[in-house]
Amino acid sequence: QVQLAESGGGLVQPGGSLRLSCAASGSIRSTNTMAWYRQAPGKQRELVASITSGGSENYADSVKGRFTISRDNAKNTVYLQMNSLKPEDTAVYYCNMGVEVLSRIRLSYWGQGTQVTASS
């Protein structure tokens, strides 16, 4: 019913920047909280940042001041601008969206994941 498509990952030198995008498509009535998670090898998936439908943002302490989450409700898209990347930011990044589908059921969807690597 709903698919999330992520883009924007890649390899960057420490101190560099990347912008991730995640677009939802399908039988969408409205979107709720959108978020980015990440999972490094051997570690649990962790919340990086989230943004509510009203625009309230929340960040993990490790990324505050470096990452910015934003959303375009008209496009059902969430973004993550990542600046001053560090090697410890290396992980697979996943987007997550709360979606109300046309039948008015609220569900949570995940993107397929995109690799972000900060290395020299």
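Residues numbered from 1 in each chain as written. Predicted model: local features only at pLDDT ≥ 70, side-chain atom pairs only at ≥ 80, totals over all residues. Heavy atoms only, no water.

**Student:** Any chance you could break down the overall build of the protein chain for me, citing the residues and the numbers?
**Tutor:** Helices and strands together make up the secondary structure of the protein chain, namely zero helices and 11 strands. Shown N-terminal to C-terminal, the secondary structure of the protein chain runs as helices and strands in the order β-β-β-β-β-β-β-β-β-β-β. The C-alpha atoms of the protein chain give 14 Å as radius of gyration, which agrees with the globular expectation for 120 residues (14 Å, within 12%). For the protein chain, the residues scored as buried account for 43% of the 120 residues in total. Within the protein chain, counting contacts between residues at least 6 apart in sequence, those at least 24 apart form 55% of the total. Accessible area for the protein chain stands at about 6200 Å²; split by element, carbon and sulfur atoms hold 46% of it. (Helix = DSSP H or I, 4+ residues; strand = E, 2+ residues; numbered from the N terminus. Rg over C-alpha atoms; globule rule 2.2 N^0.38 Å. Buried < 20%, exposed > 50% of the residue type's maximum accessible area, 1.4 Å probe, protein only. Contact = heavy atoms within 4.5 Å. Areas by Shrake-Rupley, 256 points an atom, 1.4 Å probe, with all protein chains shown as cover.)

**Student:** An account of the state of the cysteines is needed here, citing residue identities and associated values.
**Tutor:** Summed over the entire model, instances satisfying the criterion amount to one disulfide. Across the disulfide from cysteine 22 sits cysteine 95; the S-S distance is 2.0 Å. Taking the torsion about the sulfur-sulfur bond, which here is approximately 45°, the covalent link between cysteine 22 and cysteine 95 counts as right-handed. Pair noted here: cysteine 22 is in strand 3 (residues 18-26) and cysteine 95 is in strand 9 (residues 91-101), with a separation of 73 residues, a long-range link. Neither residue differs from the other here; cysteine 22 and cysteine 95 are each classed as buried. (Disulfide = S-S within 2.5 Å.)

**Student:** Summarise the pattern of salt bridges; cite the residues concerned and give the values.
**Tutor:** Counted according to the given criterion, the structure contains six salt bridges. A salt bridge links glutamate 46 to arginine 38, with the shortest nitrogen-to-oxygen separation between them at 2.7 Å. Arginine 38 sits in the buried class, given a relative accessible area of 6%. Residue glutamate 100 pairs with arginine 106 through a salt bridge whose shortest N-O separation is 3.3 Å. Overall, arginine 106 belongs to the exposed group, its relative accessible area being 59%. It is possible to trace a salt-bridge network through shared partners that takes in Arg38, Glu46, Arg66 and Asp89. (Salt bridge = Lys/Arg side-chain N within 4 Å of Asp/Glu carboxyl O.)

**Student:** Outline the packing of aromatic side chains, supporting the account with residue identities and numerical values.
**Tutor:** Tallied over the full model, the rule gives one aromatic pair. Here the basic side chain of arginine 19 rests over the ring of tyrosine 79, its NZ or CZ set 4.1 Å away from the ring centre. Geometry around tryptophan 110 places arginine 45 over its ring, the cationic atom sitting 4.8 Å from the centre. (Phe/Tyr/Trp six-rings, centres within 6.5 Å; stacked < 30°, edge-to-face > 60°. Lys NZ or Arg CZ within 6 Å of the ring centre and 35° of its normal.)

**Student:** Talk me through the pairing of strand 5 (residues 46-51); I want residue IDs and the actual numbers.
**Tutor:** Bridge count between strand 4 (residues 28-39) and strand 5: five bridges; the pairing is antiparallel. Looking at strand 5, one finds that tryptophan 36 is bridged to alanine 49. The hairpin turn running from strand 4 into strand 5, its antiparallel successor, is six residues long, and glycine 42 in that turn takes a positive phi close to 80°. By the bridge criterion, three bridges tie strand 5 to strand 6 (residues 57-59) in an arrangement that is antiparallel. Residue isoleucine 51 lies in a different strand from strand 6, and its bridge partner there is glutamate 57. Count of turn residues in the strand 5/strand 6 antiparallel hairpin: five residues, of which glycine 55 carries a positive phi of about 100°. (Pairing = 2+ DSSP bridges.)

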